Amino acid sequence: MSAYKVIIIDDEPPAREVIKHFLKEHDDLELVGEAENGFDGLKLIQTQNPDLIFLDIQMPKLTGFELLELIDHPPTIIFSTAYDQYALQAFEQHAADYLLKPYNRERFEDGLTKARTLMNKSATPVATEALVQGYLQEPTHRLVVKDGTKIDIIPTDEVIRIAAQDDYSEIITAKGKHLKKQTMKHLEQVLDSKKFVRVHRSSIVQVSQIAKIDKYGKETHLAQLKNGDEVMVSATGYTKLKELLGW
């Protein structure tokens, strides 16, 4: 059997050295690359197609979470992070393991045992959103979008609305439109609920962008946005708006 391909994505050189040192004891694991930030890590994933990633979370340019959102079918993940242990409890459901820095060889080997189980061909791949879901302790303040080889980082304050587009979500800003391969449900969960409301199954709106709301049908309304767009508001969406705005 050929060796499993491994990459390391971590902005701290000592942390990468520790992982490389521990990996030397395993002939079935081949280190095929390492990166010090999420941008370079994404390129490595695309070129090397690894079986296993040791992934840090807090990195410059692109966090580990944002990197995962840009991967359609993530390989097995072991988080290697200094993140608060209590915030990591949700990780155990989806990632192979997390290694809380600093960790020893015994803890590293335990993580590899779990990873090997997931790397087995019979294991069911984990969806990207399942990996990311539950990690954010606070609402996200930016959205990362990949367009070919280009990566755009969009501050959520610039988002006017988001519209469902088949398997994608279209993010509309004053500067343009961006497609993100992520569900409306996921975006609804990670955006600030005090600023964004899912007014319809196909629309999320930044509340501050609403100019007025008119009655449209028996149970529906039509929101006029400041940029001129019109968005249908369902009965459920209208109730959410009233609760948020105190109407």
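In this report, we go over the structure that sits alongside the text. (Residues numbered from 1 in each chain as written. Predicted model: local features only at pLDDT ≥ 70, side-chain atom pairs only at ≥ 80, totals over all residues. Heavy atoms only, no water.)

## Overview of the sheet that holds strand S5 (residues 97-100)
Thinking step 1. Across the sheet, which stays open at both edges, the five strands sit in the order S2-S1-S3-S4-S5 with parallel pairing between neighbours. Of all strands in the sheet, those bounded by a partner on one side alone are strand S2 (29-35) and S5. Sheet twist, expressed as the average angle between the axes of neighbouring strands with direction ignored, equals 20°.
Thinking step 2. Together, strand S1 (4-9), S2, strand S3 (52-55) and strand S4 (76-81) form the strand contacts of helix H1 (residues 13-23), whose direction differs from that of S2 by roughly 170°. (Pairing = 2+ DSSP bridges. Helix = DSSP H or I, 4+ residues; strand = E, 2+ residues; numbered from the N terminus. Axes fitted to C-alpha atoms, helices over the stretch in contact; angles between N-to-C directions. Contact = heavy atoms within 4.5 Å.)

## Some thoughts on the side chain of lysine 20
Thinking step 1. Position of lysine 20 among the secondary structure elements: in helix H1.
Thinking step 2. Of note is the side chain of lysine 20, whose polar atom sits 2.8 Å from the side chain of glutamate 17. (Polar contact = N/O pair within 3.5 Å; in protein donor to acceptor, adjacent residues only side chain to side chain.)

## Notes on the nonpolar core
Thinking step 1. Counting residues in hydrophobic clusters, the biggest one holds 23 residues, and the most contacted among them are Ile9, Ile45, Ile53, Leu55, Leu67 and Phe79.
Thinking step 2. Broken down by secondary-structure element, the contributors of at least two residues to this core are S1, helix H2 (38-48), S3, helix H3 (64-69) and S4.
Thinking step 3. Residues within four places of isoleucine 45 in sequence aside, it is in contact with Ile7, Ile9, Pro50, Ile53, Leu67 and Ile71.
Thinking step 4. Tyr4, Leu29, Tyr103 and Phe108 belong to the second-largest nonpolar core, a separate cluster that totals 17 residues. (Core = buried A, V, L, I, M, F, W, Y, C linked by side-chain atoms within 4.5 Å. Buried < 20%, exposed > 50% of the residue type's maximum accessible area, 1.4 Å probe, protein only.)

## A look at the packing of aromatic side chains
Thinking step 1. Tallying each qualifying case throughout the model produces three aromatic pairs.
Thinking step 2. A centroid spacing of 5.1 Å and a plane angle of 50° characterise the contact between phenylalanine 22 and phenylalanine 108, whose relative ring orientation is tilted. With a gap of 86 residues between them, phenylalanine 22 in helix H1 and phenylalanine 108 in helix H4 (residues 105-119) connect regions that are remote in the sequence. Across the pair, phenylalanine 108 and phenylalanine 22 agree in class, each one buried.
Thinking step 3. Relative to phenylalanine 108, the ring of phenylalanine 54 lies with its centre 5.4 Å away and its plane at 10°, an arrangement referred to as stacked. Within this pair, whereas phenylalanine 54 is found in strand S3, its partner phenylalanine 108 is found in helix H4, the two being separated by 54 residues in sequence.
Thinking step 4. Every member of this aromatic cluster is reached through a ring pair, and the members are Phe22, Phe54 and Phe108. (Phe/Tyr/Trp six-rings, centres within 6.5 Å; stacked < 30°, edge-to-face > 60°.)

## A word on the pattern of salt bridges
Thinking step 1. A complete count under the given rule lists 21 salt bridges for this structure.
Thinking step 2. Between aspartate 110 and arginine 107 there is a salt bridge; the shortest N-O distance is 3.4 Å. With aspartate 110 and arginine 107 both in helix H4 and three residues apart, this pair spans about one turn of that helix.
Thinking step 3. Salt bridges sharing common partners tie together Asp10, Glu12, Asp56 and Lys101. (Salt bridge = Lys/Arg side-chain N within 4 Å of Asp/Glu carboxyl O.)

## Observations regarding the sheet that holds strand S15 (residues 230-233)
Thinking step 1. The sheet built from three strands is open, its strands ordered S13-S14-S15 with antiparallel pairing. Each end of this open sheet is capped by a strand with a single partner; those strands are strand S13 (210-215) and S15. For this sheet the average axis-to-axis angle between neighbouring strands, irrespective of direction, equals 25°.
Thinking step 2. In this structure, S13 lies alongside strand S14 (residues 221-225), joined through five bridges in antiparallel fashion. Across the sheet, residue isoleucine 210 finds its bridge partner in S14, namely leucine 225.
Thinking step 3. Strand contacts of helix H7 (residues 235-245): S13, S14 and S15, with the helix running at about 100° to S15, the strand carrying the most contacts.

## Side note on H2
Thinking step 1. Within H2 the residues assigned to the buried category are Gly38, Gly41, Leu42, Leu44 and Ile45. Take H2 and look down its axis: the buried residues cluster within an arc of 160°, on one side only. Across from the buried face of H2, at angles greater than 90 degrees, the exposed residues are Lys43 and Thr47.
Thinking step 2. With a side-chain oxygen positioned 3.1 Å from the backbone nitrogen of phenylalanine 39, the residue opening H2 is asparagine 37. (Arc of directions from axis to C-beta.)

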